[in-house]
Amino acid sequence: MNWDDLKLVDAAARMRSLSGAAKALDISQPQLSRRLKSFEDRIGARLFDRTPTGLKPTEAGLRLIPLAQDMRRQAEAATRILPDLAASALKVVRVAVDEVRARVLTDRFSTLTDLLDGVELELISSHGLVNHQSRSIELQIRNCLPETDTLIARKVGDLAYAVYGSRTYVNAHPASRTDDRYEHCTWLGFAPDDLWYPSHMRWLECRLTERPKFRSNTMTTLMNMTASGAGLALLPAFMGDQNRTLTRLTDPLPELTNAEHIIVHRDLRREPAVRTAMDAIAQVYRSLSPELTGTASEFPAAAAQ
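Our subject in this report is the structure included herewith. On a predicted model such as this, the values are computed, not experimentally measured, just so you know.

Conventions we followed
Residues numbered from 1 in each chain as written. Predicted model: local features only at pLDDT ≥ 70, side-chain atom pairs only at ≥ 80, totals over all residues. Heavy atoms only, no water. Helix = DSSP H or I, 4+ residues; strand = E, 2+ residues; numbered from the N terminus. Rg over C-alpha atoms; globule rule 2.2 N^0.38 Å. Buried < 20%, exposed > 50% of the residue type's maximum accessible area, 1.4 Å probe, protein only. Pairing = 2+ DSSP bridges. Contact = heavy atoms within 4.5 Å. Core = buried A, V, L, I, M, F, W, Y, C linked by side-chain atoms within 4.5 Å. Axes fitted to C-alpha atoms, helices over the stretch in contact; angles between N-to-C directions. Expected span 1.5 Å × (residues − 1). Arc of directions from axis to C-beta.

**Topic: the overall build of the protein**
Right, on to step 1. When helices and strands are counted, the protein shows 13 helices and 12 strands.
Right, on to step 2. The globule rule puts the C-alpha radius of gyration for 305 residues at 19 Å, and the 33 Å found for the protein is more than 25% above it.
Right, on to step 3. On the principal axes, the C-alpha backbone points of the protein span a range of 110 × 35 × 25 Å.
Right, on to step 4. Burial statistics for the protein: of 305 residues in total, 41% are counted as buried.

**A word on the pairing of strand S2 (residues 54–57)**
Right, on to step 1. Pairing of strand S1 (residues 48–51) with S2, which is carried by four bridges, proceeds in the antiparallel orientation. Each bridged residue has a counterpart across the sheet, and for Phe48 the counterpart in S2 is Pro57.
Right, on to step 2. If you look at the hairpin formed by S1 and S2, you'll find two residues sitting between the two strands.

**Things to note about the environment of Arg16**
Right, on to step 1. Along the polypeptide, Arg16 turns up in the loop between helix H1 (3–15) and helix H2 (18–25).
Right, on to step 2. In this structure the C-alpha to C-alpha distance between Arg16 and Thr295, which are 279 residues apart in sequence, comes to 78 Å.
Right, on to step 3. Residues within four places of Arg16 in sequence aside, it is in contact with Ala11, Gly54, Leu55, Lys56 and Pro57.

**So, the nonpolar core**
Soluble globular proteins tend to bury their nonpolar side chains together.
Right, on to step 1. Membership of the largest hydrophobic core comes to 58 residues, with the highest contact counts inside it found for Leu139 and Ile281.
Right, on to step 2. Counting residues per element, this core draws most heavily on helix H12 (residues 272–287), at nine residues.
Right, on to step 3. Once residues lying within four places of it in the same chain are set aside, the contact partners of Ile281 are Val95, Leu105, Leu112, Leu139, Ile141 and Ile262.
Right, on to step 4. Counting 18 residues, the second-largest nonpolar core is a separate cluster that includes Ala12, Ala13, Ala21 and Leu47.

**Some words on the sheet that holds strand S5 (residues 139–142)**
Right, on to step 1. The strand order across the open sheet formed by five strands is S4-S3-S5-S12-S6, and the pairing between neighbours is mixed. Where the open sheet ends on each side, the last strands, each with one partner, are strand S4 (120–125) and strand S6 (151–159). Mean inter-strand twist for the sheet, computed between neighbouring axes without regard to direction, equals 25 degrees.
Right, on to step 2. The sheet contact formed by strand S3 (residues 92–97) and S4 spans six bridges and is parallel. Paired with Val93 across the strands is Leu121, a residue of S4.

**Observations regarding helix H3 (residues 29–43)**
Right, on to step 1. The end-to-end C-alpha separation of H3 is 21 Å, in line with the 21 Å expected for 15 residues at 1.5 Å each.
Right, on to step 2. Buried within H3 are the following residues: Leu32, Leu36, Phe39 and Glu40. Mapping the buried residues of H3 onto a view down its axis gives an arc of 100 degrees, with all of them on the same face. Turned more than 90 degrees away from the buried face of H3, the exposed residues are Pro30, Arg34, Asp41 and Arg42.
Right, on to step 3. Looking one or two residues past H3, Gly44 carries a phi angle of roughly 75 degrees, positive in sign.

Given below as structure tokens:
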């Protein structure tokens, strides 16, 4: 059973003639007659008597015709709302990011806006994993892969970290330019509560002889403290290199260079607005690749190893 067969029954019942039904369906009368007979043969019941005054429904036809009419009405209703479906499609895409990923996107705000092509983007601050099942967030950018097959990860680039200090602190502490920095310099680190940077914390624990004097769970706060001259810190290369008060003291650290992924629920990846947002974010990451990996310019000779 398919709708094409029932359309024949509905048209024949409405027009009461094969010629009228054929005209209504924009097919030839012989074709309609042949298809209607084939359908009757398949179901084992005659639906219409061919009389001199036109088609007359049989008892079997009287049972099927109302159902065919209902299907036509539903199809017509669907056709009427089709032009409005695009207007009701998703227009706002919410992206969960921490302050580092938010900075990546806002650094290319004008480019991102052009690429979004009318799709509105909302950046939602989040240091933890979001619940994609609740549909309160469409996308999240992070370096961890999802742990469920209902989520899909799309790699968009890499993000590197290096050691930085303020010019004032570095000039006052020559050890900061050498490997002695881990023993003889003041360090700023990461708070264990609500931790978003576990690999960075482990990296410091393996090298420092004393605990960091100041700890934070936000990279922006850490960078501000570093710029104030409080000590040395691990910072994203693209943020540290842009801050003219800071000096980079190491090359980008391979062990702390991680892949960046857009996380999306499997059911949402086909939503046009979500696809547009994902493509736009990926393009921004590609355009910033040298900055994000710390290779935009030649590493200054600040770290005399």
